[in-house]
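# Secondary and tertiary structure notes
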Amino acid sequence: MDQFHIFSPATVANVSCGFDAMGFALETLGDEMIFKKNNTQKVTISEIEGATLPFEPEKNAAGVVAQKMLLDAGADFGVDIRIFKKYKPGSGLGSSAASSSGSAFAVNEFLGKKYSKLELVEFAMLGEEAACGSLIADNVSAALYGGFVLIRSYNPLDIVSVPTPEDLYVTVLHPQIEVKTEDGRKVLPKDVPLKKAVAQWANVGGLISGLHSSDYDLIGRSLEDEIVEPVRKLFIPHFDLVKDSVLKNGALGAGISGSGPSVFALSKGKDQAEIVAETMDEVYKNKGIEYITYVSKIGNQGTRILS
Ligand code: HSE
């Protein structure tokens, strides 16, 4: 085939306790992209809908990834990319990761699946670097693998897929303000006191165990972040009120999605996740800030071909 229409999911990175080391994909929210092979030996971006992003391939996350892969593979063809963003960049929902992963996935199809999924993550990370200045793997791994992932090691890259309990849903509040990941990383503490580190890795262990055993309460108890959330929540209007309210109304746990401003909450069951969305709505509706809420099952499939 010389054309692919793909879906690349939105992702929640960090999952509270797992800064840069955990993430998961959404089932329903994500970008669509159309890739067309041609004989120009160049990467072009001919359409971007839903966001203002650079058309120059060397400045665009999807373009950077495609260029690098074609060069690495010594390909004798070019690719044109059309990007249809379904949610805003700077949301904390892995917008650049959806583009980077989509590009890695589609170009690999043109290359006859030359690269492994792990190698695709490495290419997609270059798109993340272009977009936010850091080689982060959490959003792109979640997008490419689907479900929950753990980045056990960055060097060498080691990604572990973690099972998703059948009835786990996420609710996302996306205030329509932009927080650049680059800015969200500038405020991070350089050092972590041992006591906080202990709490953090204990919660990561709890979260992984809860996901494996479908222990929903353990998953909820483990969504604690004593290191990053306290500094980043200052960028998110009414964060504490949203978090307290959703916990009172049945969410298992809640935190900042990636570097924000989106807030995510996990719930057992779709009905409960809808109640959480209503709760978020109650908090935000008269605050003078535009926002969108999403309810989704965890997306086990990840980046995929639509047609
Ligand atoms: N782990 C990254 C961060 C994800 O929190 O900075 C960026 O969305």
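Residues numbered from 1 in each chain as written. Predicted model: local features only at pLDDT ≥ 70, side-chain atom pairs only at ≥ 80, totals over all residues. Heavy atoms only, no water.

## Observations regarding the site of the ligand
Stated precisely, the cut-off is as follows: Each residue is tested against the molecule or strand, and it is near if at least one of its non-hydrogen atoms lies within 4 Å. Pairing of N or O atoms within 3.5 Å defines a polar contact, subject to two protein rules: one partner must be a possible hydrogen donor and the other a possible acceptor, and residues neighboring in sequence count only if both atoms are side-chain atoms. Working definition of accessibility: Shrake-Rupley area with a 1.4 Å probe, residue cover restricted to the visible protein chains. In this description a helix means any DSSP run of H or I spanning at least four residues, a strand means any run of E spanning at least two, and both kinds are numbered starting from the N terminus. Each residue receives one of three labels: charged for Asp, Glu, Lys and Arg, nonpolar for Ala, Val, Leu, Ile, Met, Phe, Trp, Tyr, Cys and Pro, and polar for the others, Gly being one of them. Where each domain begins and ends is defined by an automated method or by a domain database.
The environment of the ligand is formed by Ala13, Asn14, Phe19, Asp20, Ile136, Asp138, Asn139, Thr181, Arg185, Arg232, Gly258 and Ser259. Between the ligand and Asn14, the relevant distance is 2.7 Å, taken from an oxygen atom to a side-chain nitrogen or oxygen of the residue. In the environment of the ligand, an oxygen atom lies 2.7 Å from a nitrogen or oxygen atom belonging to the side chain of Arg232. Protein coverage of the free-state accessible area of the ligand, which is 260 Å², stands at 97%. Within the residue set of the shell around the ligand, elements represented by two or more residues are α4 (138–145) and α5 (181–186). Of the residues in the shell around the ligand, the class split is 3 nonpolar, 5 polar and 4 charged. A domain-level breakdown of the shell around the ligand finds at least three residues from each of domain 1 (3–162 + 301–305) and domain 2 (168–297).

## Description of the pairing of strand β9 (residues 263–268)
Heads up, the rule is: Buried, partly exposed and exposed residues are distinguished by accessible area as a fraction of the type maximum, computed with a 1.4 Å probe on protein chains only: under 20%, between the cut-offs, and over 50%, respectively. Here, a strand pair is defined by DSSP locating no fewer than two bridges between the strands.
Within β9, 5 of the 6 residues are buried, which leaves the element mostly enclosed by the surrounding structure. Of the pairings in the sheet, the one linking strand β7 (residues 168–175) to β9 comprises 6 bridges and is antiparallel in character. Paired with Val170 across the bridge in β9 is Leu266. Bridging between strand β8 (residues 253–256) and β9 involves 4 bridges; their strand directions are antiparallel. Bridge pairing in β9 places Gly253 opposite Leu266.

## Description of the environment of Met125
In plain terms, the rule: In this description, contact between two residues means that some pair of their heavy atoms is separated by no more than 4.5 Å.
Within the secondary structure, Met125 sits in helix α3 (residues 117–132). Classification of Met125 as buried rests on a relative accessible area of 8%. Along the chain, Met125 and Lys285 lie 160 residues apart, while their C-alpha atoms are 36 Å from each other. The residues contacting Met125, other than those within four sequence positions of it, are Ser134, Leu135, Ile136, Ala137, Val140, Tyr154 and Leu157.

## Description of helix α9 (residues 239–248)
Note the following rule: Directions are taken from the helix axis to each C-beta atom, and the arc is the one they span.
Along α9, the residues that are buried comprise Phe239, Val242, Lys243, Ser245 and Val246. Down the axis of α9, the buried side of the element spans an arc of 170°, and every buried residue falls inside it. In this structure, the buried side of α9 is in contact with β7, α8 (229–232), β8, β9 and α10 (270–284). Among the residues trailing α9, Gly250 stands out with phi positive, at a value near 100°.

## A few points about the domain arrangement of the chain
Cut-off, in case you're wondering: For any pair of parts, buried area is found by adding up, for both, the accessible area (1.4 Å probe) each one loses once the two are put together. In what follows, salt bridge is the name for a side-chain nitrogen of Lys or Arg lying within 4 Å of a carboxyl oxygen of Asp or Glu.
The domain boundaries assigned to the chain delineate domain 1 (3–162 + 301–305) and domain 2 (168–297). Taken over C-alpha atoms, the centre of domain 1 sits 24 Å from the centre of domain 2. Listed as interface residues are 31 residues of domain 1 and, on the opposing side, 40 residues of domain 2. Both faces combined, the contact of domain 1 with domain 2 buries some 2500 Å², and carbon together with sulfur accounts for 65% of it. Ranking the residues of domain 1 by area buried against domain 2 places Ser16, Cys17 and Phe19 at the top, with a combined share of 24%. Scanning the region where domain 1 abuts domain 2 turns up 1 salt bridge. With its nearest N and O atoms 2.7 Å apart, the salt bridge here joins Arg185 to Asp20. Across the domain 1-domain 2 interface, the total number found is 12 residue pairs in polar contact (both at pLDDT 80 or more).

## Quick look at the nonpolar core
How we decide: Here, nonpolar core refers to any group of buried Ala, Val, Leu, Ile, Met, Phe, Trp, Tyr and Cys residues whose side-chain atoms link them within 4.5 Å.
Membership of the largest hydrophobic core comes to 39 residues, with the highest contact counts inside it found for Phe35, Met69, Ile81 and Val121. Discounting residues that sit within four places of it in the chain, Val121 has contacts with Ala137, Val140, Ser141, Leu144, Tyr145, Leu157 and Ile159. Residues Val12, Val162, Val172 and Tyr216 belong to the second largest nonpolar core, which totals 29 residues.

## Considering the side chain of Ser141
In this structure, Ser141 sits in helix α4. Within the structure, the side chain of Ser141 is placed 2.4 Å from the backbone oxygen of Ala137, a separation counted as a polar contact. Ser141 has contacts with Val121, Gly146, Val149, Ile151 and Ile159, leaving out every residue within four places of it along the chain.

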